[in-house]
There are 2 protein chains.
Amino acid sequence: MAGFKGQADYSVDAKGRVALPAKMRRVLSPAANDTFVLTRGIERCVYLYPLDVWNKKEAAEFEHLNQYEPETRAMLRSMYRWADEETLDAQGRVIISKRLIEFAGIADKVTIIGALDRIEIWNPDVLTTELAEEDAQYGARIQLVMGKREAE
Amino acid sequence: MAGFKGQADYSVDAKGRVALPAKMRRVLSPAANDTFVLTRGIERCVYLYPLDVWNKKEAAEFEHLNQYEPETRAMLRSMYRWADEETLDAQGRVIISKRLIEFAGIADKVTIIGALDRIEIWNPDVLTTELAEEDAQYGARIQLVMGKREAE
DNA sequence: GGATTATCCCCCACATTTCCCCACAGCCTC
DNA sequence: GAGGCTGTGGGGAAATGTGGGGGATAATCC
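Residues numbered from 1 in each chain as written. Chains lettered and ligands numbered in written order. Predicted model: local features only at pLDDT ≥ 70, side-chain atom pairs only at ≥ 80, totals over all residues. Heavy atoms only, no water.

Re the sheet that holds strand 3 (residues 35-40) of chain A
Moving on, step 1. Pairing is antiparallel in the open sheet, where six strands are placed in the order 1-7-8-4-3-5 (chain A). Looking at strand neighbours, the two that pair on one side only are strand 1 (7-11) and strand 5 (84-87) of chain A, the edges of this open sheet. This sheet shows a mean twist of 30 degrees between the axes of neighbouring strands, independent of strand direction.
Moving on, step 2. Bridging between strand 7 (residues 109-115) of chain A and strand 8 (residues 118-122) of chain A involves five bridges; their strand directions are antiparallel. By the bridge assignment, Ile113 of chain A is partnered in strand 8 of chain A with Glu120 of chain A.
Moving on, step 3. The sheet strands contacting helix 3 (residues 70-81) of chain B are strand 1, strand 4 (46-50), strand 7 and strand 8 of chain A, and the helix crosses strand 7 of chain A at an angle near 105 degrees. (Pairing = 2+ DSSP bridges. Helix = DSSP H or I, 4+ residues; strand = E, 2+ residues; numbered from the N terminus. Axes fitted to C-alpha atoms, helices over the stretch in contact; angles between N-to-C directions. Contact = heavy atoms within 4.5 Å.)

Okay, structure coming up:
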């Protein structure tokens, strides 16, 4: 699967609809059926996983966890109670629930970014402030993550 | 794949288009489909990877990283949100997004250099100042990098 | 229980941007 | 010297992002 790439500013209309960039829609596999699983980001944003990607994650990472451990149960509960399945309309837009809009602190403008296997939707101001440091450390971080990898 | 070689000065037109040197275009594999993945350089420039090369990197190096580690997530986000997939037009030009133009500090002239598996696009002035030191240390650095390799 | 209101979903419409095609001048090659 | 290739510039058509309307379904109030 080709990964989601790029960044762009979009608007949220009065109905809570957000258009996804055409470039990202083109990457979608037919198996995704124009459907996404939206959930709260680990950061203060909304994660969008194509349905097929989410299903694979579920089967590979979540289904076999031991739910008799409280930490596991708590993690899965936090993850799934925020999750929401939505299909694109004919214009390529997705509806973001009020819960998620509120969690991400989104008003009427958003910045949408591609992040390999998912799409992230941010409040533009939050993104600018939170990711400035990330960008500044880009070179060091590549060395840290990918350099570590070579040493394996 | 034969590596990209050489250096040349080109201009950026009003639409943000930059022609790639014909010599570099001839090196492209048909699998690249005349398409590049552009992303921010680790240095202050734009990296261009042919699509086939990028897809191999993605599958071999990025897809299997553990995104539950914050550092990994941050690195992939910085990498992918700057990335952009673009196809050459009939004249062999590629469009560079305004974001990348701005990041690399490019105005209307660029220097394009070949760098083995990728092409780099620089502001000519930035390149001259930043790479002067690199060139000066050429001999010592070859010994450092390639000498280490023999010791393995 | 019926009427009214609210919500959701699909369709239509428009303005801007993007993309693709055509055109031309300079250079190298033959 | 002729012809093709290369780098540069611009215009028209299609796609993209955005807004709003109308009908069906569900919820609420009297």
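Let's pick the thread back up.
As for the sheet that holds strand 4 (residues 46-50) of chain B
Residue and element names in this part refer to chain B.
Moving on, step 1. The sheet built from six strands is open, its strands ordered 1-7-8-4-3-5 with antiparallel pairing. The outermost strands of the open sheet, each flanked by one partner alone, are strand 1 (7-11) and strand 5 (84-87). Neighbour to neighbour, the strand axes of the sheet diverge by 30 degrees on average, direction disregarded.

Things to note about the pattern of salt bridges
Moving on, step 1. Summed over all chains, the structure comprises 22 salt bridges over all chains.
Moving on, step 2. The partner of Glu85 of chain B in a salt bridge is Lys5 of chain A, with the nearest N and O atoms 3.2 Å apart. With Glu85 of chain B in strand 5 and Lys5 of chain A in the segment before strand 1, this pair bridges two chains.
Moving on, step 3. Across the pair Glu133 of chain B and Arg141 of chain B runs a salt bridge, and its minimum N-O distance is 3.5 Å.
Moving on, step 4. For Glu133 of chain B, a relative accessible area of 42% gives the class partly exposed. (Salt bridge = Lys/Arg side-chain N within 4 Å of Asp/Glu carboxyl O. Buried < 20%, exposed > 50% of the residue type's maximum accessible area, 1.4 Å probe, protein only.)

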